[in-house]
Amino acid sequence: MNEEQRKQQLNESPSYNHDKKDKPKKDYSTYFDFSSASIEEKEGRQYMKIGGRSIQINEQPDFKKGKKRGKEEVEVQYGFNVPEELRRLGQGKKYLIRTYGCQMNVHDTENMSGILEEMGFTETSETTEADVIFLNTCAIRENAENKVFGELGHLKPLKLEKPELIIGVCGCMSQEETVVNRILQKHNHVDLIFGTHNIHRVPELLQDAILGKEMVVEVWSKEGDVVENMPRKRAGKTQAWVNIMYGCDKFCTYCIVPYTRGKERSRMPEDIIHEVRDLARQGYKEITLLGQNVNAYGKDLGEGYRLGHLMDDLHKIDIPRIRFTTSHPRDFDDHLIEVLAKGGNLVEHIHLPVQSGSSEVLKLMARKYTREQYVELAGKIKAAIPHASFTTDIIVGFPNETDAQFEETMSLVEEMDYDIAYTYIYSPRDNTPAAKMEDNVPMEVKKQRLARLNKLVNDISARRNAELEGQVVEVLIEGVSKKNENVLSGRTRTNKMVNVAAPESCIGQVIYTKITEAKTWSLNGELVEMAEV
Ligand code: SAM
Ligand code: SF4
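The model shown is predicted, which means the values in this text are computed figures rather than measured ones.

**Side note on helix α3 (residues 103–118)**
Each α-helix winds once per 3.6 residues, and so residues spaced three or four apart point in a common direction.
Okay, step 1: With 16 residues, α3 ought to run about 22 Å at 1.5 Å a step, and its terminal C-alpha atoms sit 23 Å apart, in line with that.
Okay, step 2: Buried within α3 we find Met-104, Asn-105, His-107, Asp-108, Thr-109, Glu-110, Asn-111, Met-112, Ser-113, Gly-114, Ile-115 and Leu-116.
Okay, step 3: Downstream of α3 by a residue or two, Gly-120 has a phi angle that is positive, lying close to 100°.

**With respect to the packing of aromatic side chains**
Okay, step 1: On inspection of all chains with the given rule, the structure shows seven aromatic pairs.
Okay, step 2: Centroid distance Phe-134 to Phe-194: 5.4 Å. Interplanar angle 70°. Geometry classified as edge-to-face. Of this pair, Phe-134 sits in strand β7 (residues 132–137) while Phe-194 sits in strand β9 (residues 192–194); the two residues are 60 residues apart in sequence, bridging distant segments of the chain. Residue Phe-134 shares its accessibility class with Phe-194, and that shared class is buried.
Okay, step 3: With centroids separated by 5.2 Å and ring planes inclined at 70°, the aromatic side chains of Phe-398 and Tyr-426 adopt a geometry described as edge-to-face. Taken as a pair, Phe-398 in the loop between β18 (389–396) and α13 (403–416) and Tyr-426 in the loop between β19 (420–425) and α14 (443–466) lie far apart in primary sequence, 28 residues in all. Judged on exposure class, the residue Phe-398 and its partner Tyr-426 are both buried.
Okay, step 4: Over the ring of Phe-149 we find Arg-182, and its NZ or CZ is 3.6 Å from the ring centre.

**A few points about the sheet that holds strand β1 (residues 38–42)**
Okay, step 1: Spatially, β1-β2-β3-β10-β9-β8-β7-β5-β6 is the arrangement adopted by the nine strands of the open sheet, whose pairing is mixed. The open sheet is flanked by β1 and β6 (122–123), the only strands paired with a single partner.
Okay, step 2: Sheet analysis places strand β2 (residues 45–50) next to strand β3 (residues 53–59), joined by five bridges and oriented antiparallel. When the bridges of β3 are listed, Tyr-47 appears paired with Gln-56.
Okay, step 3: In this fold helix α6 (residues 202–211) packs onto β2, β3, β7, β8 (166–171), β9 and β10 (215–218), with an angle of close to 160° to the strand it touches most, β9.

**Notes on the side chain of Lys-250**
Okay, step 1: Along the chain, the position of Lys-250 falls in the loop between β13 (245–246) and α7 (257–261).
Okay, step 2: Among the residues examined, Lys-250 registers a relative accessible area of 12% and is labelled buried.
Okay, step 3: Of note is the side chain of Lys-250, whose polar atom sits 2.9 Å from the side chain of Asp-331.
Okay, step 4: The contact partners of Lys-250, leaving out residues within four places of it in the chain, are Glu-264, Asn-293, Lys-299, His-328, Arg-330, Asp-331, Ala-366 and Lys-368.

What counts, and where the lines are drawn
- Residues numbered from 1 in each chain as written.
- Chains lettered and ligands numbered in written order.
- Predicted model: local features only at pLDDT ≥ 70, side-chain atom pairs only at ≥ 80, totals over all residues.
- Heavy atoms only, no water.
- Helix = DSSP H or I, 4+ residues; strand = E, 2+ residues; numbered from the N terminus.
- Expected span 1.5 Å × (residues − 1).
- Buried < 20%, exposed > 50% of the residue type's maximum accessible area, 1.4 Å probe, protein only.
- Phe/Tyr/Trp six-rings, centres within 6.5 Å; stacked < 30°, edge-to-face > 60°.
- Lys NZ or Arg CZ within 6 Å of the ring centre and 35° of its normal.
- Pairing = 2+ DSSP bridges.
- Contact = heavy atoms within 4.5 Å.
- Axes fitted to C-alpha atoms, helices over the stretch in contact; angles between N-to-C directions.
- Polar contact = N/O pair within 3.5 Å; in protein donor to acceptor, adjacent residues only side chain to side chain.

Following this line, the structure appears as structure tokens:
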């Protein structure tokens, strides 16, 4: 599956891999030239004046700090509150948050929406109606960043027309020095920049941006504590995201996440269990546990309580389905496999990103497993959970990837028989170790490899789906299909999308569905009966 198809699955807007050959190379040094800026201190705060705009700098991103992994204890803060005096700041005003990237960002948007609503704002989907617009950004690949800068350009005329509009940039891109510098220099219609570690500071930062004339910049490079009890406006009523940990310590050489999301910090088991119980009471049917590397859950708690133990505890809660994403093969332990094999509400879908089928490339990527170890792990999982569906992420065109190494990826895909593979062209990310390697696979070759890989993964997906024709499967109905209002859509336990003609009363219910037609990315089915789960 390519990125466009993945985004369609996630109901995101499609994007395209841009051909670098057609573009001039970026000159980052221009974003670090602040010779025309003046800086002054007022009441202990630093203000910068650049291009006619005054900027209140509370804290700017610092790559070196983001990279550091200290031994200091992470505390859990339970006292979050929107201050009384800010609870009416948004009265009569509307907000819009545009979310880019992964589920973690989708969930952060739910938290920010909760905070904004406690401040009196109401949500709108119309840009022209909004008084506050946040772009919750993704930094994983260059084309994700290009989209955000494009959107900032589109918002400029609106800001000129409506100067009181507050435009905020948050999420992973805000954690990058080059991005913040570029905004300071070239997009001075932005009013607020904050990062992934200080979402709980939104009330105060927004107040400063609304009441002051300055652009406000506060990006913490060092992750803070785990903040519990943030208000949250969940996007759905059937399926809910639950963070179990933040950050990543894996430092895969191509990846920017460890720098933008900080060190691994696990939430306390009792807080997660309490949240899942509460969601079950509210009638949610499916929980997806979130983390960049969920298999590292608990390592930092130092009590021997890991993801397997958490899943075992959640298994006892009366809720039909529990999933988790994303797994890292390195930390996937036998106890977790043993617990997942209990089934019940622990569904049989394993997203196990492999990235490459070549052990040499995996080494350069610092994935810390070989092809053989990956296959062995997958074999263990398949033996314990025979009907599990496997999905993966793959990068093509990593520096020095040879034709033969790419063929190893092709053969691994065949061997693994993935239900879905999310495929990407390697995109160099500033300051990551891989960005220092020569990006020496020509774009034309990367595209050819991607096309061949996509053809293979699509053929396998179509075949795997066709195997389900005539079978009766459990489908949790999420809502009316986005493409056809006469049918409902939902997912199997194995996370396959199913469209089924059924009454609207089925929304939020698990129904038995007979699969009548298999497509590459989805299945069509007919209602057999409501399931009792
Ligand atoms: N933590 C997860 C993991 O380890 O697989 C997922 C992280 S990332 C949000 C999702 C996927 O983006 C990765 O699995 C990888 O395939 C891809 N990715 C990350 N950095 C990339 C880069 N620089 N270029 C292309 N793809 C990248
Ligand atoms: Fe990035 Fe690797 Fe961490 Fe995943 S495990 S978020 S790919 S560094």
